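# Residue-level structure breakdown
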Amino acid sequence: MTPPEILSYREPNTLPNQPGWRVRVVPNRYPALQIEGDLDRTGLGIYDMMNGIGAHEVIIETPDHTPDTMLYEQEQMHKVISAYAERYKDLRRDRRFRYILIFKNKGKAAGASLEHPIPS
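Residues numbered from 1 in each chain as written. Predicted model: local features only at pLDDT ≥ 70, side-chain atom pairs only at ≥ 80, totals over all residues. Heavy atoms only, no water.

## What to know about the confidence of the model for the protein chain
Short version of the rule: Each residue carries a pLDDT score, the predictor's confidence in it, ranging from 0 to 100. Comment: elements are numbered from the N terminus, with helices defined as DSSP H or I runs of at least four residues and strands as E runs of at least two.
When pLDDT is averaged across the protein chain, the result is 87; 88% of the residues are at 70 or more. Least confident of the elements in the protein chain is strand 4 (residues 47-49), whose mean pLDDT is 91; most confident is strand 1 (residues 7-10), at 97.

Here you go:
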(Lines give C-alpha, C1' and ligand atoms only; values in the text may rest on other atoms or scores of the structure.)
Protein backbone atom coordinates (compact mmCIF):
# COMPACT_ATOMS: atom_id res chain seq x y z
CA MET A 1 0.00 0.00 0.00
CA THR A 2 3.03 2.27 -0.30
CA PRO A 3 4.96 3.68 -3.26
CA PRO A 4 7.88 1.56 -4.53
CA GLU A 5 10.89 1.31 -2.23
CA ILE A 6 13.83 3.65 -2.58
CA LEU A 7 15.83 1.61 -0.05
CA SER A 8 15.12 -1.34 2.20
CA TYR A 9 16.85 -3.62 4.65
CA ARG A 10 15.27 -7.03 4.24
CA GLU A 11 15.38 -10.59 5.36
CA PRO A 12 17.53 -12.78 3.07
CA ASN A 13 15.86 -14.00 -0.14
CA THR A 14 12.96 -11.54 -0.01
CA LEU A 15 11.98 -9.38 -2.96
CA PRO A 16 11.69 -5.58 -3.13
CA ASN A 17 8.23 -4.18 -2.43
CA GLN A 18 7.16 -7.43 -0.81
CA PRO A 19 6.97 -8.62 2.82
CA GLY A 20 10.25 -9.39 4.54
CA TRP A 21 11.55 -5.87 5.07
CA ARG A 22 12.91 -4.67 8.42
CA VAL A 23 13.34 -0.97 7.47
CA ARG A 24 12.20 0.65 4.24
CA VAL A 25 12.25 4.06 2.60
CA VAL A 26 9.52 5.19 0.21
CA PRO A 27 8.60 8.51 -1.42
CA ASN A 28 5.97 10.45 0.50
CA ARG A 29 2.54 10.07 -1.12
CA TYR A 30 1.83 13.75 -0.43
CA PRO A 31 5.23 15.41 -0.92
CA ALA A 32 5.88 19.01 0.04
CA LEU A 33 8.51 19.15 -2.74
CA GLN A 34 9.03 17.33 -6.03
CA ILE A 35 12.41 15.90 -7.04
CA GLU A 36 11.74 16.45 -10.75
CA GLY A 37 12.59 19.74 -12.42
CA ASP A 38 15.16 22.49 -12.28
CA LEU A 39 15.65 25.35 -9.85
CA ASP A 40 15.15 28.01 -12.57
CA ARG A 41 16.84 30.55 -10.32
CA THR A 42 16.19 34.20 -11.25
CA GLY A 43 16.89 37.47 -9.52
CA LEU A 44 14.14 39.82 -8.45
CA GLY A 45 15.71 42.91 -6.94
CA ILE A 46 17.71 41.80 -3.89
CA TYR A 47 15.91 38.44 -3.82
CA ASP A 48 16.54 35.16 -5.56
CA MET A 49 13.50 33.26 -6.78
CA MET A 50 13.55 29.59 -7.65
CA ASN A 51 11.34 26.54 -7.89
CA GLY A 52 10.84 24.33 -4.88
CA ILE A 53 12.84 21.22 -5.69
CA GLY A 54 13.55 18.48 -3.18
CA ALA A 55 12.95 14.98 -1.97
CA HIS A 56 10.26 14.08 0.52
CA GLU A 57 10.75 10.55 1.76
CA VAL A 58 9.36 8.41 4.55
CA ILE A 59 11.58 6.06 6.52
CA ILE A 60 9.41 3.26 7.87
CA GLU A 61 11.42 2.11 10.86
CA THR A 62 9.73 -1.22 11.48
CA PRO A 63 6.93 -3.35 10.05
CA ASP A 64 5.39 -3.31 13.56
CA HIS A 65 3.80 0.14 13.95
CA THR A 66 3.30 -0.06 17.70
CA PRO A 67 6.68 -0.03 19.46
CA ASP A 68 8.31 3.15 20.68
CA THR A 69 11.80 3.79 19.27
CA MET A 70 13.24 3.28 22.75
CA LEU A 71 12.02 -0.34 22.66
CA TYR A 72 13.87 -1.29 19.45
CA GLU A 73 16.46 -4.02 19.68
CA GLN A 74 20.02 -2.83 19.01
CA GLU A 75 20.09 -4.48 15.57
CA GLN A 76 16.84 -2.75 14.54
CA MET A 77 18.07 0.63 15.76
CA HIS A 78 21.29 0.14 13.79
CA LYS A 79 19.26 -0.50 10.62
CA VAL A 80 17.15 2.61 11.22
CA ILE A 81 20.17 4.86 11.73
CA SER A 82 21.89 3.28 8.72
CA ALA A 83 18.86 4.07 6.56
CA TYR A 84 18.91 7.73 7.67
CA ALA A 85 22.66 7.94 6.95
CA GLU A 86 22.42 6.20 3.58
CA ARG A 87 19.59 8.42 2.36
CA TYR A 88 21.39 11.55 3.62
CA LYS A 89 24.57 10.58 1.73
CA ASP A 90 22.60 9.89 -1.45
CA LEU A 91 20.54 13.09 -1.34
CA ARG A 92 23.51 15.36 -0.66
CA ARG A 93 24.98 14.31 -4.04
CA ASP A 94 22.18 16.24 -5.79
CA ARG A 95 23.66 19.72 -6.34
CA ARG A 96 20.19 21.29 -6.42
CA PHE A 97 19.66 20.51 -2.74
CA ARG A 98 21.06 23.08 -0.32
CA TYR A 99 19.67 21.66 2.92
CA ILE A 100 18.64 18.27 4.21
CA LEU A 101 16.22 18.17 7.10
CA ILE A 102 15.52 14.92 8.92
CA PHE A 103 12.62 14.85 11.33
CA LYS A 104 10.40 12.28 12.97
CA ASN A 105 6.70 12.81 12.41
CA LYS A 106 4.72 11.21 15.20
CA GLY A 107 0.94 11.10 15.04
CA LYS A 108 -1.86 13.23 13.64
CA ALA A 109 -0.97 16.22 15.82
CA ALA A 110 2.36 16.36 13.97
CA GLY A 111 0.67 16.13 10.57
CA ALA A 112 0.96 12.41 9.90
CA SER A 113 -1.54 11.14 7.36
CA LEU A 114 -0.85 7.50 8.30
CA GLU A 115 -0.40 5.66 11.57
CA HIS A 116 3.17 5.92 12.83
CA PRO A 117 4.84 4.33 15.86
CA ILE A 118 3.41 5.63 19.12
CA PRO A 119 4.64 5.21 22.69
CA SER A 120 3.38 2.08 24.40
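## Brief notes about the sheet that holds strand 2 (residues 21-27)
What counts here: Strands pair, by our definition, only if DSSP identifies at least two bridges between them. With axes taken as lines fitted to C-alpha atoms, and helix axes fitted only over the stretch in contact, angles between N-to-C directions fall between 0 and 180 degrees. It only takes one pair of heavy atoms within 4.5 Å for two residues to be counted as in contact.
Taking strand neighbours across the sheet as the criterion, the 3 strands line up as 1-2-5 in an open arrangement whose pairing is antiparallel. Taken across any chain shown, the strands that pair with only one partner, and hence form the sheet edges, are strand 1 and strand 5 (57-60). Each strand of the sheet is rotated relative to its neighbour by a mean of 10°, with strand direction disregarded. Alignment of strand 1 against strand 2, held across 4 bridges, turns out to be antiparallel. Residue Leu7 lies in a different strand from strand 2, and its bridge partner there is Val25. Across the sheet, helix 1 (residues 74-91) is in contact with strand 1, strand 2 and strand 5; its angle to strand 2 comes to roughly 30°.

## Topic: the packing of aromatic side chains
What counts, and what does not: Stacked, tilted and edge-to-face are the three classes assigned to paired rings of Phe, Tyr and Trp, where Trp is represented by its six-membered ring and a pair needs centres within 6.5 Å; plane angles under 30 degrees give stacked, over 60 edge-to-face, the rest tilted. Both a distance and an angle decide whether a charge sits over a ring: NZ of Lys or CZ of Arg must be within 6 Å of the ring centre and within 35 degrees of the ring normal.
Per the stated rule, a full pass over the model turns up 0 aromatic pairs. Sitting over the ring of Trp21, Arg24 keeps its end group 5.6 Å from the ring centre.

## Structural notes on helix 1
Note the cut-off: Expected helix span is given by 1.5 Å per residue-to-residue step, counting one fewer step than there are residues.
Over its 18 residues, helix 1 runs 26 Å from end to end, which matches the ideal 26 Å to within 8%, given 1.5 Å per residue. Residues of helix 1 that are buried in the fold lie against strand 1, strand 2 and strand 5.

## Remarks on the environment of Pro4
For clarity, the cut-off: The buried label applies to any residue whose accessible area, calculated with a 1.4 Å probe on protein chains only, is under 20% of its type's maximum; exposed applies above 50%, and partly exposed to all values in between.
Position of Pro4 among the secondary structure elements: in the segment before strand 1. Residue classification places Pro4 among the exposed residues on the basis of a relative accessible area of 56%. Here the alpha-carbon distance between Pro4 and Val26, two residues 22 residues apart in the chain, equals 6.2 Å. Once you skip the residues sitting within four places of it in the chain, Pro4 turns out to touch Asn17, Val26 and Pro27.

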